[in-house]
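# Observations on chain architecture
The residues making up each chain are set out below.
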Amino acid sequence: MVTRAGRVLRAAVVPLVLIGLIALAGVVLGRVYAGNLLIGLVVGAAAGSVLVSVAARRLPSWLVAPVSVAAMAGWTLWSLRLAADRAELPGGLLEITADAARNGIPRLLTAMIPVEPTPDTVLVPVVAAWLAGLAGAEVALRTGRVLLGYLPAAGLYAAALYVVGPNAAPAVGVTVAFVAVAAAGLAAPTGTASAAADPTAELAPRVRAAVRLRLATSAALGVALVVGLVALLAPVVADQVDGRPVDPRRYVEPPQVQTLDENPLIRISGWALRPEQKLLDVSTERTGVAPPASGGAPPGDEPAGDAGRGVRMRLAVLSDYDGVTWRVGATYRNAGRILPAPAPSRDSTVETVRQQITVAELSGRLLPAVATPREVSGARVAYDPASGTLIRPEGLTPGLRYAVTSAEEQPDSNLLATANVPAGEEVARVLRVADGVPDPMRRLATQLAEDNGAPFARALAIEQFLAEHYRVVADAPSGHAYPNLGFFLFGPRAGGGQEGTSEQFAAAFAVLGRLSGLPTRVVVGFRAGGQGPVLAGDAFAWPEVLFDGLGWVPFDPLPRPNEQPRPVEEDFRPTPEDPPPSEAPAPTVEPTASPEPVAAGDGPPGRGGVSTPLLVAGGSGGLLLLVGALLLTLLAMRRSLTRARLVRGDPGQRIAGAWREVTDALRLAGRPVGDDLAATEVAGHARRALAAARAETTADSTTPDGTTDGPAVDDLAALLNQVGFAPGAATPDQAARAAEVAMAYVHSLRSARPWWRRLLWSVHPTPLRRARRSPR
């Protein structure tokens, strides 16, 4: 009885070790996930795959894989259903599974850290863990090659480390545990006493000596090889210990906003002309005010002169200004239902705001919400933690209903008067002043800053100057470039100057603030009451200033109701008077513009007489698994790149994307084009390249003039020239035509290549590298 128990215990060592190795890979990957759900699903996949192989050990080897794959399908479907229920995602199991299979890899690599376990972010890890367990168990248990059976688990562990990248602390402890578990599996006895006996005992003495000499020589050579590899690779590995891992997310494009949403500030004037247009239906509930530790402002107070009509719903935050346009410049990452919660500012008042929002006629991808959102349900979102704004990658549709829980923060107004503003590379983006500032605008900023040394006093002076000297009108033309702001600030009132919408007020405040050394940005959003519709007339823009320890504080430079503006000339003269000869002009107060940061020995053989083909197939299973995963990843990334080029963006961007598909195809065919060629010259080169490729396979592929009967690349070149010389004139139909021509040409050129080059065409990484180097 003891002997039987001992045999069972020895037989269980290798399966338990394989389960442990795969589970440790799940632990490594789980460090970037929220909660422990992913780790539990990976452990279940590891145990299930290995136990299926143990239970089916007496079955023929060709029958084990189908049985295991069927079990994997059941576990995967249950895992997806569980993840969907935890994330409160709507939809049936079939719909959830199809969406996860279609978007699993892109969303895993574009998800915000920590990643919420949703169907599309758990599918790939669960399937990979099951396949690694299946391959490792078949090699280690059926063939007795334990070390070779570790290869799939080791590959899965390395892949988990690569996916985590620099987004978690070094996994030193887990890696040591991985090595220790693997060593325990190699050291534990797995056979019986007879199997451990000397296999040369029954040979003739002379033959036995020769066999032992050969075995000793082989062992010595193996040890020497291992020692040499350690000596050669140890310095290289040691140099990488303190290095920063590569983040694979930089190779995958995160969700992008549309051109319409890149600068929603220009939509203010259009909404002002249609104030009754219904954009949203909102139901707001305020609960749970957390008072500050000491001396905070009352919950209803709005700092810096805020009118405070209802809640402010943010649509977009614009931090980048080039003298012509304010842009969003945010990096959105796919997010789950729960969003990361930054620590509140000191002595601030935090109030929980819950909203039920139904989209009416609001278009684009930007998703309105009170700052700062903490939980979103009813819609799949992408989130930018720096600005606290949301987008829906699929775009807004009428009738879309979602719920948002936000933490609305109010700073302690008693601390503003003495608060400083940050400086340095961290805030260079919101301090940057583009070239070409009009001289009157510089002198106005200097005048307002002269008598106000404290940052908050400077901000109040700018706010008060704008509120006292300018009028709000609904029919003011849109525009916030330097010339537009100059006319708004200093233009003749009789000619339309000194009046505008909230677009000009917010943009002028932000520019004057940066000229005074204040880190500023512009926010576009809506005023919303407790219940009811949000109309286009409720849209407005406001500036914000960043203070040390207090965060972003909103200001309201709009004039107060029923107040007549004073002439600007009473307090400021745009044309300077000539100073006396003995006086030098006063220096201009201007912050130093910092550069904009670049938007981070085998085990004992078995006694079953396994055939050589089976041994070779099992030993290469892990390697084939890794190669297959790499090829599938490259294929998914290539298809995602093509889809992004041909489907996303405005028609002009899609036409340019179709052109890049053609030039990438020429490069893959070994006929690259230079950057100095015109579009028509590239089109001619493309025709000749297709003709030459077809001539290699058939002699009847060209027309009498030497061109092909293939896709009309010249039409695509004409569309590209139209985009270059007439921006904004391209139509969706032209973009669809460009995509059709590009894909037809790529298909024709690929079909003319040898069969083995066609196989490598879809997984070649060159287009991915070129897309990463090219500007977006």
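Values in this document were obtained by computation on a predicted structure and should not be read as measured data.

Okay, the overall build of the protein chain next. The helix and strand inventory of the protein chain stands at 23 helices and 18 strands. Expressed as a percentage of the 776 residues in the protein chain, the buried residues total 46%. A total accessible area of about 37,800 Å² is found for the protein chain, and carbon and sulfur atoms account for 60% of it.

Here the focus is the environment of D733. Within the element layout of this structure, D733 appears in helix α21 (residues 732-751). On the basis of relative accessible area, D733 is assigned to the exposed category, the value being 65%. Remark: the alpha-carbon pair of D733 and P651, spanning 82 residues in sequence, is separated by 8.3 Å.

Let us look at unusual backbone geometry. Cis geometry marks the peptide bond from I113 to P114, where omega comes out at 0°. Relative to the assigned elements, P114 resides in the loop between α4 (93-110) and α5 (119-142). A cis geometry characterises the amide bond from A371 onward to T372, with omega recorded as 0°. One non-glycine residue, Q498, lies in positive phi territory at about 60°. Within the element layout of this structure, Q498 appears in the loop between α14 (482-490) and β14 (499-500). Even without being a glycine, N562 presents a positive backbone phi close to 65°. The topology assignment puts N562 in the loop between β18 (551-554) and α16 (612-619).

We now examine the sheet that holds strand β15 (residues 520-528). Reading across from one edge, β8-β2-β15-β17-β18 is the order of the five strands in this open sheet, with antiparallel pairing throughout. Of all the strands in the sheet, just β8 (369-370) and β18 have a single pairing partner and so form its edges. Here strand β2 (residues 311-318) runs beside β8; their pairing, made up of two bridges, is antiparallel. Bridged to M313 within β8 is V370.

This paragraph deals with the nonpolar core. Ranked by size, the top nonpolar core spans 85 residues in total, and within it W271, L280, W326, L362, M441, L489 and F547 carry the most contacts. Excluding residues that lie within four positions of it along the chain, M441 makes contacts with Y482, L485, G486, L489, F490, V511, L512 and L515. Formed by 49 residues, the second largest nonpolar core is a distinct cluster that contains V14, I22, V32 and V50.

The subject of this paragraph is the side chain of T766. Mapped onto the fold, T766 is located in helix α23 (residues 766-773). Here H764 takes part through its side chain, which lies 2.9 Å from a polar atom of the side chain of T766. Dropping the residues within four chain positions of it, T766 is found in contact with R667 and L668.

Below, the discussion takes up the packing of α4 against α5. It is the contact of α4 with α5, at a shortest axis distance of 7 Å, that shows an interaxial angle of 80°. The angle between α4 and α5 falls in the class roughly perpendicular. Here α4 contributes I96, D99, A100, A101, N103, G104, I105, R107 and L108 to the contact with α5, which in turn contributes P119, D120, T121, L123 and V124. A class-by-class count of the residues in the contact of α4 with α5 yields eight nonpolar, three polar and three charged.

Conventions used here
- Residues numbered from 1 in each chain as written.
- Predicted model: local features only at pLDDT ≥ 70, side-chain atom pairs only at ≥ 80, totals over all residues.
- Heavy atoms only, no water.
- Helix = DSSP H or I, 4+ residues; strand = E, 2+ residues; numbered from the N terminus.
- Buried < 20%, exposed > 50% of the residue type's maximum accessible area, 1.4 Å probe, protein only.
- Areas by Shrake-Rupley, 256 points an atom, 1.4 Å probe, with all protein chains shown as cover.
- Pairing = 2+ DSSP bridges.
- Core = buried A, V, L, I, M, F, W, Y, C linked by side-chain atoms within 4.5 Å.
- Contact = heavy atoms within 4.5 Å.
- Polar contact = N/O pair within 3.5 Å; in protein donor to acceptor, adjacent residues only side chain to side chain.
- Axes fitted to C-alpha atoms, helices over the stretch in contact; angles between N-to-C directions.
- Parallel < 35°, antiparallel > 145°, perpendicular 65-115°, else oblique.
- Nonpolar A, V, L, I, M, F, W, Y, C, P; charged D, E, K, R; others polar.

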